[in-house]
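These are the residues of each chain, in order.
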Amino acid sequence: MKKAFTYFRLQLKRIFHFIPSILVFSLVLCIIAGLALNIIIKKYENSEENKKFTIGVVGDTDDSYLGFGIVTLMEFDVSRFAIDFKNMDEEQAKKELAGGKLSAYVIIPENFIDSASHGNIIPLQYVSSSADTGINSVFKSEILEGIEDILETSQRAIYGLDKAMKELGVGNDISSKTDLLYEHLISLVLDRSEVAVVSEIGYSSSVSFIGYYLCAVILIYFSLWGISCCSHFAKNNNSLSRLLASKNIGSASQIIGEYFSYLIAMLITAFLALFSFTVILSDNITKIPEISSVTQFAVFSLSLIPVIISFSAMQFMFFEIIPDVVPCAVAQFTFVIFSSYIGGLFYPIDFLPEAMRQASRFLPVGAAREYLTDLLLNKVNSKAFILLLIYTALFICVAVVIRKSKIKGRLSVNL
């Protein structure tokens, strides 16, 4: 045991000599990963379906009632999450509509409030671009039609009931009751959040689009990290292994000593890279729906340790199976591309055929993806966690068996 621990210390000192070159490779990977995620975030934010509709309001809005109504829509109404209103003149509205800055504009006719107060609603003019077609055009039309129906119907109900009570001479007797009815009607107009619920289905455990690709980018980074160590661990020379075995440091002790030194180096560079990753993302880190602060992202980063342990064991197994630098690097890169596709890192897993989705759950990358996406939602996927531990043990055992065969001279891999 003492000899095995001494060997581990020697391996640790050895790998720290390679840290600078490994850090350079990790930094390059980190910059690429950070820029990729920044592009994904900006592309998602600028996509048509995630933009707010900007509606210009043309007309005299100085009237206290009309001004109050517009302020209510902009500040308190549920529609503020989908629509922005801007006051402007018609000439400016035409220019901004033509330039694509406005989704549409509404012209409020003169004496609109005065006519409405007498129960006569003058139609508003809604102007949109002739190029405004597709689902967004339909959606905007439906929003405006719904608001118009609710306002017009409720207003006619109030004035109609008031007129009927005056004709019947019962206004004073039930005025308190009708006031409650009017308040209820107005509350229905202002609080339409219960009319419909808008939700994003999401991807893999209902995580958001950006959250999903955050996990994908991190997993691809960890998968490629082992390539930087191929020149240090993929050696086709078994003389030292046989010498150590003759000194009672067997294949298991050798693999464990080398693996843990490799794991420590990976953990150090991984957390330095994640820190750099946070700096590169900057303010965009809080644009990930599941991440509300840099502190929360730091906690999420610490939770990556089981994934790092499993992936480092997998990479170390590659070093033993293919003990030549270039073939080992090519094999790892090819495996990363293949497993990333099957595991749903290039495309959301829900887009893949059912057979591939089921198969990916039992792959290391698939288990890691499910583990991370659940972590973003503050859930612990125990099945994925256990599967990662099983794979870690399996990879190390395979590496031990191969090393033992090499020591005994029964296995020679030349690619």
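This text follows the structure it describes.
Here the structure is a predicted model, which means the values were calculated and not measured. (Residues numbered from 1 in each chain as written. Predicted model: local features only at pLDDT ≥ 70, side-chain atom pairs only at ≥ 80, totals over all residues. Heavy atoms only, no water.)

## Brief notes about the overall build of the protein
Next, step 1: Looking only at helices and strands, the protein features 17 helices and 4 strands.
Next, step 2: Per-residue burial over the protein gives 43% buried out of 415 residues.
Next, step 3: Taken as a whole, the protein presents about 22800 Å² of accessible surface, with 63% of it coming from carbon and sulfur. (Helix = DSSP H or I, 4+ residues; strand = E, 2+ residues; numbered from the N terminus. Buried < 20%, exposed > 50% of the residue type's maximum accessible area, 1.4 Å probe, protein only. Areas by Shrake-Rupley, 256 points an atom, 1.4 Å probe, with all protein chains shown as cover.)

## Examining the packing of helix H13 (residues 305-321) against helix H16 (residues 364-376)
Next, step 1: H16 packs onto H13 with a crossing angle of 170° between their chain directions and a minimal axis gap of 11 Å. On the basis of the axis angle, H13 is roughly antiparallel to H16. When H13 is examined against H16, the residues Pro-306, Val-307, Phe-311 and Met-314 are found in contact with a partner set consisting of Pro-364, Val-365, Ala-368, Tyr-371 and Leu-372.
Next, step 2: Its residues assigned to classes, the contact of H13 with H16 comprises 9 nonpolar, no polar and no charged. (Axes fitted to C-alpha atoms, helices over the stretch in contact; angles between N-to-C directions. Parallel < 35°, antiparallel > 145°, perpendicular 65-115°, else oblique. Contact = heavy atoms within 4.5 Å. Nonpolar A, V, L, I, M, F, W, Y, C, P; charged D, E, K, R; others polar.)

## Let's talk about unusual backbone geometry
Next, step 1: Here Asn-378, not a glycine, exhibits a phi torsion of approximately 60°, which is positive.
Next, step 2: Among the secondary structure elements, Asn-378 is positioned in the loop between H16 and helix H17 (382-407).
Next, step 3: Note on Asn-378: relative accessible area 68%, which makes it exposed.

## Some details on the packing of helix H8 (residues 209-225) against H16
Next, step 1: It is the contact of H8 with H16, at a shortest axis distance of 10 Å, that shows an interaxial angle of 135°. By the angle between their axes, H8 is oblique relative to H16. In the packing of H8 onto H16, the handedness of the crossing is right-handed. Taking contact as the criterion, the partners of Gly-211, Tyr-212, Leu-214, Cys-215 and Leu-219 in H8 are, on H16, Val-365, Ala-368, Arg-369, Leu-372, Thr-373 and Leu-376. (Left-handed = near helix turned anticlockwise from the far one by under 90°.)

## Details of the packing of aromatic side chains
Next, step 1: This structure, assessed with the given rule, holds 12 aromatic pairs.
Next, step 2: Measuring from centroid to centroid gives 5.4 Å for Phe-318 and Phe-335, while their planes differ by 55°, and the two rings are tilted. Highlighted residues: Phe-318 in helix H13 and Phe-335 in helix H14 (residues 325-342), separated in sequence by 17 residues.
Next, step 3: For Phe-318, a relative accessible area of 13% puts it in the buried group.
Next, step 4: Judged by its relative accessible area of 29%, Phe-335 falls in the partly exposed class.
Next, step 5: For the pair Tyr-391 and Phe-395, a centre-to-centre distance of 5.5 Å together with 25° between the ring planes defines the contact as stacked. Of this pair, Tyr-391 and Phe-395 are both found in helix H17, 4 residues apart, which corresponds to roughly one turn of the helix. Grouping residues by exposure puts Tyr-391 and Phe-395 together as buried.
Next, step 6: Clustering of aromatic rings is evident, with ring pairs tying together Trp-225, Tyr-259, Phe-260, Tyr-262, Phe-316 and Phe-319. (Phe/Tyr/Trp six-rings, centres within 6.5 Å; stacked < 30°, edge-to-face > 60°.)

## A closer look at the environment of Phe-346
Next, step 1: In this fold, Phe-346 is placed in the loop between H14 and helix H15 (354-360).
Next, step 2: On the basis of relative accessibility, which here comes to 35%, the residue Phe-346 falls in the partly exposed class.
Next, step 3: Separated by 133 residues in sequence, Phe-346 and Tyr-213 place their C-alpha atoms 8.6 Å apart.
Next, step 4: With residues up to four places along the chain from it excluded, the contact list for Phe-346 reads Tyr-213, Ile-220, Ile-337, Ser-340 and Tyr-341.

## Brief notes about H17
Next, step 1: The first and last C-alpha atoms of H17 sit 38 Å apart over 26 residues, in line with the 38 Å expected at 1.5 Å per residue.
Next, step 2: Capping the start of H17 is the job of one residue whose side-chain oxygen sits 3.3 Å from the backbone nitrogen of Lys-383: Asn-381.
Next, step 3: In the segment just after H17, Gly-409 is the residue with positive phi, at about 80°. (Expected span 1.5 Å × (residues − 1). Polar contact = N/O pair within 3.5 Å; in protein donor to acceptor, adjacent residues only side chain to side chain.)

## As for a nonpolar patch on the surface
Next, step 1: A cluster of nonpolar side chains, namely Phe-333, Ile-337, Tyr-341, Phe-346, Tyr-347 and Phe-351, defines an oily patch on the protein surface of about 620 Å² accessible area.
Next, step 2: Mapped onto the secondary structure, Ile-337 falls in helix H14. (Patch = residues over 30% accessible without salt bridge, like charges linked within 9 Å, V, L, I, M, F, W, Y side chains within 5 Å. Salt bridge = Lys/Arg side-chain N within 4 Å of Asp/Glu carboxyl O.)

## Focus: the nonpolar core
Next, step 1: Judged by nonpolar contacts, the single largest core of 76 residues is most densely connected at Leu-214, Phe-222, Phe-300, Val-307, Phe-319 and Leu-372.
Next, step 2: It is H8 that contributes the most residues to this core, 13 residues altogether.
Next, step 3: Formed by 8 residues, the second largest nonpolar core is a distinct cluster that contains Val-58, Leu-97, Tyr-105 and Val-127. (Core = buried A, V, L, I, M, F, W, Y, C linked by side-chain atoms within 4.5 Å.)

## Quick look at the pattern of salt bridges
Oppositely charged side chains can pair when the atoms bearing their charge come close.
Next, step 1: Within this structure, the stated rule accounts for 6 salt bridges.
Next, step 2: In this structure, the salt-bridge partner of Glu-354 is Arg-357, at a minimum N-O distance of 2.2 Å. One end of the pair is Glu-354 and the other is Arg-357, both in helix H15 and 3 residues apart, which spans about a single turn.
Next, step 3: Classification of Glu-354 by relative accessible area gives partly exposed; the value is 41%.
Next, step 4: Using a relative accessible area of 24% as the deciding quantity, one classes Arg-357 as partly exposed.
Next, step 5: A salt bridge links Arg-369 to Glu-370, with the shortest nitrogen-to-oxygen separation between them at 3.7 Å.

## Overview of the state of the cysteines
Next, step 1: Applying the stated criterion across every chain yields a total of 0 disulfides.
Next, step 2: Distance from the sulfur of Cys-229, which forms no disulfide, to the nearest cysteine sulfur (Cys-230) is 7.7 Å.
Next, step 3: Cys-328 takes part in no disulfide bond, and the closest cysteine sulfur, belonging to Cys-230, lies 3.7 Å away.
Next, step 4: Residue classification places Cys-328 among the buried residues on the basis of a relative accessible area of 0%. (Disulfide = S-S within 2.5 Å.)

This is a description of form; function is not addressed.
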